[in-house]
Amino acid sequence: MDPRSMRSREALRRAALDLAATRPLSDLSVSEICRTAGVTRDTFYRHADSPVALVADALSVELAEVLSDVGELDSLSTAEALLLSHVKKRADVYRGALHPSLAAPIRDVLERVVARGLEVWLARHPEIEPPAMDDQPTREIAVAYAAGGTVAAIEVWLRCGADDVAWATRAILAASPEWWLR
């Protein structure tokens, strides 16, 4: 991507996240994002289909940075705390995406990031897999189940207004199958 296009994309992401922190995601308009980012509507549509898609893209970039070293961490609880710290930092954005559940593109981003982290964790720690997980489809089901449950737990945490990362980490891990935590 050329430098000008990269600057436009970054300006759009920043504007979308800044605006999404101040109002419900469903109230964001392309015009408002463009005005804030200092770009045209044409430029917006070269980078995103909708305000929700742009916010999801911006969050996915942040999440990728936050969890880039998940394979090097010493525990799954550390990875969970990093994820929840990001959600806490962007709580206004995530809460603005709740109606009553997270907007699908935002939920999809979270589930993909959590699933990738769990896949990396399993690859690094194959010894934790129960004997029943002896094939790829079974692993994929376990990862999808854990990722979906984690995101559902994050939604509850956001809806209840809590912001204690350590408490939420303990609650999510307490609900996780024991084998993930070995």
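Throughout what follows, the structure given in this document is the object of discussion. (Residues numbered from 1 in each chain as written. Predicted model: local features only at pLDDT ≥ 70, side-chain atom pairs only at ≥ 80, totals over all residues. Heavy atoms only, no water.)

### Some details on unusual backbone geometry
So, point 1. The step from histidine 99 to proline 100 runs through a cis peptide bond, and the omega angle for that step is -10 degrees.
So, point 2. As for its position among the elements, proline 100 is in the loop between helix H6 (91–96) and helix H7 (104–124). (Helix = DSSP H or I, 4+ residues; strand = E, 2+ residues; numbered from the N terminus.)

### Regarding the side chain of arginine 90
So, point 1. Looking at the element boundaries, arginine 90 is found in the loop between helix H5 (76–89) and H6.
So, point 2. Beyond its immediate stretch of four places on either side in the chain, arginine 90 contacts Leu17, Leu59 and Glu62. (Contact = heavy atoms within 4.5 Å.)

### Let's talk about the nonpolar core
So, point 1. Counting residues in each nonpolar core, the largest one holds 58 residues, and the members touching the most others are Ile33, Val55, Tyr94, Ile106 and Trp180.
So, point 2. Those elements giving two or more residues to this core turn out to be helix H1 (3–20), helix H2 (30–37), helix H4 (51–66), H5, H6, H7, helix H8 (136–159) and helix H9 (165–175). (Core = buried A, V, L, I, M, F, W, Y, C linked by side-chain atoms within 4.5 Å. Buried < 20%, exposed > 50% of the residue type's maximum accessible area, 1.4 Å probe, protein only.)

### Focus on the packing of H1 against H2
So, point 1. Look at H1 against H2: their axes get within 8 Å of each other, and the N-to-C directions meet at 120 degrees. Relative to H2, the element H1 is oriented oblique. Handedness of the H1/H2 crossing: right-handed. Where H1 abuts H2, its residues Ala11, Leu12, Ala15, Ala16 and Leu19 lie against Glu32, Ile33, Thr36 and Ala37.
So, point 2. Grouping the constituent residues of the contact of H1 with H2 by class yields seven nonpolar, one polar and one charged. (Axes fitted to C-alpha atoms, helices over the stretch in contact; angles between N-to-C directions. Parallel < 35°, antiparallel > 145°, perpendicular 65-115°, else oblique. Left-handed = near helix turned anticlockwise from the far one by under 90°. Nonpolar A, V, L, I, M, F, W, Y, C, P; charged D, E, K, R; others polar.)

### Re the packing of aromatic side chains
So, point 1. Inspection of the entire model under this criterion finds two aromatic pairs.
So, point 2. Taking the centre distance of 5.1 Å and the plane angle of 80 degrees together, the rings of phenylalanine 44 and tyrosine 45 count as edge-to-face.
So, point 3. Residue phenylalanine 44 is classed as buried on the basis of its relative accessible area, which comes to 0%.
So, point 4. Taken together, a centroid distance of 4.4 Å and an interplanar angle of 25 degrees make the contact between tryptophan 179 and tryptophan 180 stacked. Across this residue pair, the class does not change: tryptophan 179 and tryptophan 180 are buried. (Phe/Tyr/Trp six-rings, centres within 6.5 Å; stacked < 30°, edge-to-face > 60°.)

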